[in-house]
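An overview of the molecular structure
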Amino acid sequence: MRKSAVNYWLDCLLLFAGAGLAVSGFVKWLVLPSPGRGGPRQATFIFDRHTWTEIHQWLAVAIIVLTLVHIFLHWNWIVAMTQRVFRPRKNQ
């Protein structure tokens, strides 16, 4: 597979994992309040609170792994840009 196709699919996975993380966080925060904050003990919205927590945690792990892969694949670009930014400028 071409490098551009790998980057495309990696970016798609990061986008979907990030959107899923945002949705699961939103559900946990606003839709299913914790029992300690006046919420019911067994509230559900598609899944129960424990399942939403599991989804949220696994999506966070997926984002960390995908981000590390993204950095690995772009390492040469990162090094080149860092050298370019911090290279001493010649007097013009």
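Every value quoted in this text rests on a predicted model; they were computed, and no experiment measured them.

Quick word on the overall build of the chain
- Of regular secondary structure, the chain possesses three helices and two strands.
- When the helices and strands of the chain are listed from N to C terminus, the series reads α-β-β-α-α.
- By the burial criterion, 15% of the 92 residues in the chain qualify as buried.
- Within the chain, contacts between residues separated by at least 24 positions form 62% of all contacts whose residues are at least 6 apart in sequence.
- On the chain, roughly 7700 Å² of surface is accessible, and the fraction owed to carbon and sulfur atoms is 66%.

So, helix H1 (residues 3–31)
- Between its first and last C-alpha, H1 extends 41 Å over 29 residues, near the 42 Å set by a 1.5 Å rise per residue.
- Turning to H1, its buried residues are Asn7, Leu10, Cys12, Leu14, Ala17, Ser24, Val27 and Lys28.
- Buried residues in H1 make contact with strand E1 (44–45) and helix H2 (49–73).

A word on a nonpolar patch on the surface
- Residues Phe26, Trp29, Leu30, Val31, Phe45, Ile46 and Phe47 make up a contiguous nonpolar surface patch of about 750 Å² in total accessible area.
- No other element matches H1, which puts four residues into the nonpolar patch.
- Checked against the element boundaries, phenylalanine 45 lands in strand E1.
- Note on phenylalanine 45: relative accessible area 39%, which makes it partly exposed.

Things to note about the packing of H1 against H2
- Where H1 contacts H2, the axes come no closer than 9 Å and their chain directions differ by 150 degrees. Considered as vectors, H1 and H2 are oriented roughly antiparallel to each other. As for how H1 packs across H2, the hand of that crossing is left-handed.

Some thoughts on the confidence of the model for the chain
- Looking at the chain, pLDDT values average 87 and 88% of them are 70 or higher.
- The secondary structure element of the chain with the lowest average pLDDT is E1, at 74, and the one with the highest is H2, at 94.

As for H2
- Between its terminal C-alpha atoms H2 stretches 36 Å, which fits the 36 Å expected from 25 residues at 1.5 Å a residue.
- Of all the residues in H2, the buried ones are Trp52, Ile63 and Leu66.

Quick look at the side chain of serine 24
- The topology assignment puts serine 24 in helix H1.
- You can call serine 24 buried: its relative accessible area is 0%.
- In terms of polar contacts, serine 24 uses its side chain to reach the backbone carbonyl oxygen of leucine 21, at 3.1 Å.
- A polar side-chain atom of serine 24 sits 2.7 Å from a polar atom in the side chain of histidine 56.

Definitions and limits used
- Residues numbered from 1 in each chain as written.
- Predicted model: local features only at pLDDT ≥ 70, side-chain atom pairs only at ≥ 80, totals over all residues.
- Heavy atoms only, no water.
- Helix = DSSP H or I, 4+ residues; strand = E, 2+ residues; numbered from the N terminus.
- Buried < 20%, exposed > 50% of the residue type's maximum accessible area, 1.4 Å probe, protein only.
- Contact = heavy atoms within 4.5 Å.
- Areas by Shrake-Rupley, 256 points an atom, 1.4 Å probe, with all protein chains shown as cover.
- Expected span 1.5 Å × (residues − 1).
- Patch = residues over 30% accessible without salt bridge, like charges linked within 9 Å, V, L, I, M, F, W, Y side chains within 5 Å.
- Salt bridge = Lys/Arg side-chain N within 4 Å of Asp/Glu carboxyl O.
- Axes fitted to C-alpha atoms, helices over the stretch in contact; angles between N-to-C directions.
- Parallel < 35°, antiparallel > 145°, perpendicular 65-115°, else oblique.
- Left-handed = near helix turned anticlockwise from the far one by under 90°.
- pLDDT = per-residue confidence, 0-100.
- Polar contact = N/O pair within 3.5 Å; in protein donor to acceptor, adjacent residues only side chain to side chain.

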